[in-house]
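Commentary on secondary and tertiary structure
One letter stands for each residue in the lines below.
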Amino acid sequence: MPGFTYILASKPYGTLYIGVTNNLRRRLSEHRSPQNRGFSGRYAVHRLVWYEAFDDIRDAIDREKQLKKWYRSWKIALIEEVNPKWEDLAEDLL
């Protein structure tokens, strides 16, 4: 089963959320739903700023665990490497 590791942001350099899913479109819809009362809903973390696809969901889970241990500055550098303007990448997916 394929998987994705992703980072959401509230705004450029704002609050970050790291997650993993087997269906990125569905998961983004869940994050953006008005019924979402979790972390991303409370802190308005809806902007997809980085994601990585994997052939195996277990690899995506391992990557998520790795990223959650990183310093914030490393996460920002990772985002800016592929998305220097912090654009919402979800527009291409949704």
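See above for the structure.
What comes next concerns the included structure. Bear in mind the structure is a predicted one, so any value in this text is a computation, not a measurement. (Residues numbered from 1 in each chain as written. Predicted model: local features only at pLDDT ≥ 70, side-chain atom pairs only at ≥ 80, totals over all residues. Heavy atoms only, no water.)

Considerations on the pairing of strand β1 (residues 3–9)
- The element β1 is extensively covered by neighbouring structure, given that 6 of its 7 residues are classed as buried.
- One ladder, built from 7 bridges, connects β1 with strand β3 (residues 47–54); its direction is antiparallel. Note on β3: the bridge partner recorded for G3 is F54.
- Of the pairings in the sheet, the one linking β1 to strand β2 (residues 16–21) comprises 6 bridges and is antiparallel in character. Within β2, the position partnered with I7 by the bridge is I18. (Buried < 20%, exposed > 50% of the residue type's maximum accessible area, 1.4 Å probe, protein only. Helix = DSSP H or I, 4+ residues; strand = E, 2+ residues; numbered from the N terminus. Pairing = 2+ DSSP bridges.)

Details of the pattern of salt bridges
- Evaluated as defined, the whole model comprises 6 salt bridges.
- Between D88 and R32 there is a salt bridge, with its nearest N and O atoms 2.8 Å apart. Taken together, the positions of D88 in the loop between α4 (72–82) and α5 (90–93) and R32 in helix α1 (residues 24–32) put the pair 56 residues apart, joining distant regions of the chain.
- Taking relative accessible area as the criterion, R32 reaches 30% and is therefore assigned partly exposed.
- For the salt bridge of D56 with R58, the shortest nitrogen-to-oxygen distance reads 2.7 Å.
- Taken together, the shared-partner salt bridges connect R26, R27 and E30 into one network. (Salt bridge = Lys/Arg side-chain N within 4 Å of Asp/Glu carboxyl O.)

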